[in-house]
Each structure stands twice: as structure tokens, then as C-alpha cells.
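Chain residues, written in single-letter form:
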Amino acid sequence: MQRISRENDPDGRFSGDVKYHLGYSNTIEFSNGKKIELNLAPNPSHLEAVDAVVQEQVRAKIDTKYKGDSKKIIPITIHGDAALAGQGVVYELQQMSLLEGYKVGGTIHLVVNNQVGFTTDYKDARSSTYCTDLAKIVLAPVFHVNGDDAEAVSHAFNMALEYRQAFSEDVFIDILSYRKYGHNEGDEPKFTQPELYKAIDTHPNPREVYISKLLAEKSITESYPAEIENVFKEELQILLEEAKTQEGLSLPKSAFTDAWEGFGFADDNTIDSPTPTAISEEELLEIASKITALPTHGKFLKKTERLFEARKKTIETKTFDWAMGELLAYGSLQKENFDVRISGEDVERGTFSHRHAVLTMEESGEEYIPLKSLGSGGKFEIYNSLLSEYAVLGFEYGYAMATPQSLVVSEAQFGDFVNTAQVIIDQYIASAETKWQIPNGLVLLLPHGLEGQGPEHSSARIERFLELCADDNIQVVNCTTPANLFHVLRRQQHRNFRKPLVIFTPKSLLRHPKCVSAIEAFTKGHFMKMIDDDFVAPEKVKRVLFSSGKIYYDLLEKQQEDSRNDVAIVRIEQLYPAPLAQMENLMAKYPNSEEFVWVQEEAENMGAWPYLYRKLCKSNLKLELISRKESSSTATGYAKMHEKQQLAIVEAAFSDKKIA
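Described in the following lines is the structure provided in the data block.

A word on the overall build of the protein
What the protein contains, in helices and strands, is 22 helices and 24 strands. Taking 660 residues into account, the globule formula puts the C-alpha radius of gyration at 26 Å, and the protein, at 29 Å, falls close to it. Taken along its principal axes, the extent of the C-alpha atoms in the protein is 100 × 70 × 50 Å. Within the protein, the proportion of its 660 residues that are buried is 50%. In the protein, the proportion of contacts linking residues at least 24 apart, taken out of those at least 6 apart, comes to 80%. With the model as given, the accessible surface of the protein reaches about 32300 Å², and the carbon-plus-sulfur share is 52%. Charge separation in the protein, taken as the distance between the mean sites of 73 positive and 97 negative side-chain charges, equals 4 Å.

Here you go:
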């Protein structure tokens, strides 16, 4: 295997992007001493994807820097007419614009309406009369203005700004204009719009139109335009000469300013080092007691009361399930002055009715949030989102970009559904640090696991995330214990760097009697990337099974029922960065093992296997595979077939026959 070195990139992690995708920030000081901070978000070529990121950056600053005052910051998004009408994420964001969890006090939408999308005429690009007709969704005003009329454009801007500040709602400015040279200077627009560009060729440009107007009304002299043009060109030439003297790559401005002060990029040592995340038993039980207590002033459903009675008993037994492990992580972070923000479809109750972070009183409809009863510390905010993945994920990514001190969590209703947000995953979550040196600590909770519920409710596509993994860009985990979930969520905030964290969460395990953790697992230790088998005697082991996630409990049940102390089950809790060295070291611990096997419930071409096979193919650890056969669909839709397949995997894992 031969790899090409990156001679111009010593640390191997920053590859950059074309200039017009990079972000920019500056503070402008006016003659009266007042200052305005300008921030241009880095943006990919996926049109309109950046809109969600911009709006949530603004929301984050409203919540933290400006203490809820949206009038001190304004999001401005610039659209093309074809993209505004054609990209669904714009519609999603309009539907979000007045929702409590996502409103930003109004966005100013600037539409550069050049009447053509690449080579497509406007009449082929939309069914609506105007590209801005989606503004009708929230009854936002639209100012249509002639792009040739410079003063009218300026006036429209002023009106839009005044409207936004007065009513805290979205407003659109539709600048009717044209594209002079087609899609770019090397394009030939007459190939597809010969009549339009015949007219454009003879049409004076906006500068000439404005000069003619000013001359006609005798506002300027004839020599004035040439004079200011020469001054401007001289300034540009000076700046060009300065730029030519710079050597090497011109890197973006450091990301570690303002809210990011004190943070840095991870290196090989820091990303692999264990992070202390345990808390005292006294503190843990205090948090548990407060978040399991119902207020006396309201009446709740009997089911809610029984649920919370069951949660109280976990304090007595000092054994906690998945929901309690998650909530204890949030509560403990709040006590340490970290804010926590969670959003997604049905997150308040939880898709599988396990979280119950927000309770509704039966008669009054009043809401009660137990995690807000902890007293002083960080804020806890949780919002059910609209039925959107793309815009919501981009929104939360932007929030995390602006507030590293907040744990920002975006949960998919089912992990499968996040597929529709793949643009955000590809362009921001996986590669923004490499392209733009922009760190981010967003957490994705993606319910994953084959339960016999069909292909649309089974797989969060572990293989897709692992395919994107390189340069320590993200973290991918598939926890099997509530305590490990607790520690990995806390680890996210207790390091001086931020990386996106993808957690494949369970469904059936939420109520599995063995998927619990004793209190000692919370008050001692830290997140475990790999969990070894403490049931077997290493010298007796003939086969070592590696697994990740839900299937571990199926394997465990078989091992315990048959008293198979000759088969060890090792759990890989962190899939990336994978504990490859630890896995190899197990060969020495189990010297009599004849086989090392990877067992997964996903098909052969899915799950963690393709990644592990690639990483381990040159190592001393040679893994065999037990899985479903390769498939174009993630799972069967027939429950009986699912059970048969699952049973066959478990039986094969413990078969005395050699694995072919």
C-alpha cells in the first residue's frame, strides 16, 4: 500500500478550501466611535446549507452573549433566485423561524434575482410566480426592487432593517437583476439564453445607469466618477502588492477567540488520553433525587407517576438504566455550569418514551422540567423540533459552533432519518475542521439496531460515518452501558478541544434488564473505549468474539445460558478513533484462543466491519466475520425472518465448528 504524503501540510489535517468558501470576520469602527462586528460563515457549494448554520450561530449568541436580546445581532442570508425556490432547506427554515426553540428575531433575506439558475430559465425553475413566494408561509414582507436603481436598493435595505428590528420577523429583499457573464467569466450563456443575453449585451450596467441619473439631476460633475474610480483602483493595487509579498499558505484567522478562548485542536496524545468524568456518590444521588421528584402543585398521569416511582427506586438500588444515565450526565454538567441544549423530533418525551425530560400536567397542561430543578448552574433547554432533519441538524451545528461551553445535542427520531441531513454531515460535521479549521462539539444521538421493524427503522448507517472518519475528525461510539453513555457525554465537555460526537443509541435496550449500571460505574473510572469479558478465565478461552452495540446482549445471553467460559465477548464501545492497539493486545491476554471473530447484526457490507477490515488487514490481529450476508437494504421487514437471522448469527458465534 502506498500513500501520497502531504508535503505542504506538516500536521496532515488542514487541506483548506477554495477562497470563496472560507469564512471571514472583522470589526468595523465608524467615525462616531461605534463598532459593528461582521462574521461571514464558511460555506460549501451546497446551496442554502449555510443558512441553518448562520441562524443557529445567531441564536447561540442571542442566548449567551446578548442575554436574549435579538435586536443586537442580525442574521443576513444571501440567496440566488433559483436556490431560494428550489432548495427545501429554505422552506424548513421558514417553518422554524417563529418556533420557540429556533427563532432568531427575524432574518433578512437578500435575494440576488438574476433570473437564471446556472443555465435554467426561471420558468423552468419554479411553479410559483415569484421566487420569494415561500415568504407567504410566515406572511413575511417582500420588497421587490430594481437592481439598476441603486438608491431604491439602498432604501429597500433600510426598510427591511427597520421592519426586522420593529417586529422581530423575517423580511425579504428581491433584487431584480441579471447575470452579466453567465455562470462565470468562462461560460457562454448564449448557448442556452441567446435572446436574454442579446438584450444584456446592449444594456448599460448598474454603475452606468446610476452615473447617468446623477449627471441628469446635476448631483455630480462629469469628471467625478473617473476620479473616484482611479482612487479605488489605486487602493486595490496597493493591497494586491501587499498580498504578493506574503509567502506560503494564507491560513484562516484562528478559531480560538472570544467564546473559544482557551481551547485548541486535539493532538494524538490528547485525543487518546482518558478524561476524568466520575463524580461523587453524594453528588450523583442528590441529582438523581431532584430529577425523580414530582412537584406537589400539579396532577400528572398515573403512568407518569408510576414511571417516576420506578425511577426513585433506582436510587434505592443504586442501579441506573439508560434514561437515568443520560439524564444524570446532563444534570451533572449543569451543576458544573455547562449549559445543555437538546433538540429533535420528540426529544422531550423521547421517541421510545424513555426520556421524559418534560412532563405535562394532566388538567392544566402546564409543563414541568425536572432538570430545571437543580438550582444554580448551567441552563437546560430541550425542544421538540418540527419534522425536519436537514435544517435542524444544521441549526444545532451552528449553535455548537458559537458556544463550546454548551453541550449541544441533536437527536434523530430514528437513526435512519438523519440520512436526509447528509449534506450537513458531509460538509460540516465531518470535514469543516479539515477545510476551514472550524472546531465543533455537536453531539448526534442516532437510535440504531435491528429489531425486526423493517429497513426504515433499523440502521443509522454506521458504515457511512466510519467511511468519513480520518484525521481524528469525529468520534463514533456505540455504547452498551448507561454508565459509558454518562461518561462519554461528560467527556465531551471536560476536554480543552471539541470534536463532533456520534452516538448510536439503543431502542430495545432502553428497557433491557441487563442494560443497567451500578452506581460505582458512575463514581469511578471514565469512558471505556473497549470493555473486556470478566466472566471467562483467559487461559480457557478458545474463541474471542468482538462486537459493538445491541448484539452484545444476545451473545451474552447465549454465553451465560450455555456456561461457555471458552468463548470471550469483548465490546468495542468507541468505533472511531478505534482502540486498534488494545484489540491487538488481547491476543496476548488470550494465548490459547484459536479464533478472533467480529460479530455484527448488520449486513456484511454495513456496520463497522468494512472499516475494521480495512484498518486491520495489515495488522497481526486477523478477524473472521459473522454477520448477515451483504444486502442492498439495511434489514428485513418480516419479524420472523429477522428472528431467524439473528438466531443464526448467535448460534454461529458459539458453534464448535471452525469459521470458514
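Focus: the sheet that holds strand E8 (residues 171-176)
Taken together, the four strands give an open sheet; going across it, the order is E3-E4-E8-E7, and neighbouring strands pair in parallel fashion. Edge positions in the sheet fall to strand E3 (76-80) and strand E7 (142-146), since each of these pairs with one other strand and no more. The mean inter-strand angle of the sheet, taken between neighbouring strand axes irrespective of direction, is 20°. In this sheet, strand E4 (residues 108-113) lies alongside E3 in parallel orientation, the contact comprising five bridges.

A word on the packing of aromatic side chains
Here the structure, examined in full by the defined rule, presents 16 aromatic pairs. Centroid distance Phe320 to Phe522: 5.6 Å. Interplanar angle 90°. Geometry classified as edge-to-face. You can see Phe320 sitting in strand E9 (residues 319-320) and its partner Phe522 sitting in helix H18 (residues 520-523), a full 202 residues away along the chain. One exposure class covers both Phe320 and Phe522, and it is buried.

Some remarks on the layout of surface pockets
In this structure, the second largest pocket spans a volume of roughly 260 Å³. The wall of the second largest pocket is formed by Leu301, Lys303, Thr304, Leu307, Glu348, Arg349, His356, Val358, Leu359, Thr360 and Glu367. Elements represented by at least two residues in the lining of the second largest pocket include exactly helix H11 (302-317) and strand E11 (359-360). For the lining of the second largest pocket, the element with the most residues is H11, which contributes three residues.

Here we look at a nonpolar patch on the surface
A contiguous nonpolar patch, built from Ile28, Phe30, Ile36 and Leu38 and spanning about 330 Å² of accessible area, is present on the exposed surface. With respect to the helices, strands and loops of the structure, Ile28 is situated in strand E1 (residues 24-29).

Thoughts on helix H17 (residues 482-493)
Counted at 1.5 Å a residue, the expected span for H17 with its twelve residues is 16 Å, and the 18 Å between its end C-alpha atoms agrees. Here H17 lies mainly inside the structure; twelve of its twelve residues are buried.

Considering the sheet that holds strand E16 (residues 475-477)
With respect to topology, seven strands assemble into an open sheet ordered E13-E10-E14-E15-E17-E16-E22, the strand pairing being mixed. Taken across any chain shown, the strands that pair with only one partner, and hence form the sheet edges, are strand E13 (380-384) and strand E22 (574-576). The average angle at which neighbouring strand axes cross in this sheet is 20°, direction not considered. Alignment of strand E10 (residues 339-344) against E13, held across five bridges, turns out to be parallel. Pairing of Val340 across the sheet is with Phe380, part of E13.

Regarding the packing of helix H12 (residues 322-335) against H17
H17 packs onto H12 with a crossing angle of 25° between their chain directions and a minimal axis gap of 8 Å. As summarised for this structure, H12 and H17 are arranged roughly parallel, according to the angle between their axes. Classified by chirality, the crossing of H17 by H12 is right-handed. The segment H12 lies against H17, with Trp322, Gly325, Glu326, Leu328, Ala329, Tyr330, Ser332 and Leu333 engaging Pro482, Leu485, Phe486, Leu489, Arg490 and Gln493.

What to know about helix H10 (residues 281-291)
Those residues of H10 not exposed but buried are Leu284, Ile287, Ala288 and Ile291. For H10, the angular spread of buried residues about the axis comes to 100°, placing them on one side. Against H11, E9, H12, H17 and H18 lie the buried residues of H10.

Examining empty space enclosed by the protein
Space left empty within the atom packing is revealed by a probe, the size of a water molecule, rolled over the atoms. Enumeration according to the criterion identifies nine cavities of 30 Å³ or more in this entry. Of the voids in this model, the largest cavity is the one considered here, and its volume is about 110 Å³. Counting residues per element, the ones that place at least two in the lining of the largest cavity are helix H13 (390-402), strand E14 (406-411) and strand E15 (443-447). Of the residues in the lining of the largest cavity, the class split is six nonpolar, five polar and three charged. Taken together, Trp322, Glu326, Phe352, His354, Arg355, Glu411, Leu445, Pro447, Leu485, Thr505, Pro506 and Leu510 form the lining of the second largest cavity. At the level of elements, H12 and E15 are the ones that each hand at least two residues to the lining of the second largest cavity. A breakdown of the residues in the lining of the second largest cavity according to their chemical character gives seven nonpolar, two polar and three charged.

Regarding the environment of His297
Within the element layout of this structure, His297 appears in the loop between H10 and H11. On the accessibility criterion, His297 (54% relative accessible area) is exposed. Spatially, the C-alpha atom of His297 lies 9.7 Å from that of Met361, the residues being 64 residues apart in sequence. Every residue in contact with His297, bar those within four places of it in the chain, is listed here: Met361 and Glu366. Engagement of the side chain of His297 in a polar contact is seen with the side chain of Glu366, the distance being 3.4 Å.

Rules behind the numbers
- Residues numbered from 1 in each chain as written.
- Predicted model: local features only at pLDDT ≥ 70, side-chain atom pairs only at ≥ 80, totals over all residues.
- Heavy atoms only, no water.
- Helix = DSSP H or I, 4+ residues; strand = E, 2+ residues; numbered from the N terminus.
- Rg over C-alpha atoms; globule rule 2.2 N^0.38 Å.
- Buried < 20%, exposed > 50% of the residue type's maximum accessible area, 1.4 Å probe, protein only.
- Contact = heavy atoms within 4.5 Å.
- Areas by Shrake-Rupley, 256 points an atom, 1.4 Å probe, with all protein chains shown as cover.
- Lys, Arg positive; Asp, Glu negative; His and termini not counted.
- Charge placed at Lys NZ, Arg CZ, Asp CG, Glu CD.
- Pairing = 2+ DSSP bridges.
- Axes fitted to C-alpha atoms, helices over the stretch in contact; angles between N-to-C directions.
- Phe/Tyr/Trp six-rings, centres within 6.5 Å; stacked < 30°, edge-to-face > 60°.
- 1 Å grid on protein atoms, 1.4 Å probe; cavity = no way out; pocket = protein on both sides within 12 Å on 5 of 7 lines; lining within 4 Å.
- Points joined across faces, edges and corners; volume = space filled by probe spheres on them.
- Patch = residues over 30% accessible without salt bridge, like charges linked within 9 Å, V, L, I, M, F, W, Y side chains within 5 Å.
- Salt bridge = Lys/Arg side-chain N within 4 Å of Asp/Glu carboxyl O.
- Expected span 1.5 Å × (residues − 1).
- Parallel < 35°, antiparallel > 145°, perpendicular 65-115°, else oblique.
- Left-handed = near helix turned anticlockwise from the far one by under 90°.
- Arc of directions from axis to C-beta.
- Nonpolar A, V, L, I, M, F, W, Y, C, P; charged D, E, K, R; others polar.
- Polar contact = N/O pair within 3.5 Å; in protein donor to acceptor, adjacent residues only side chain to side chain.

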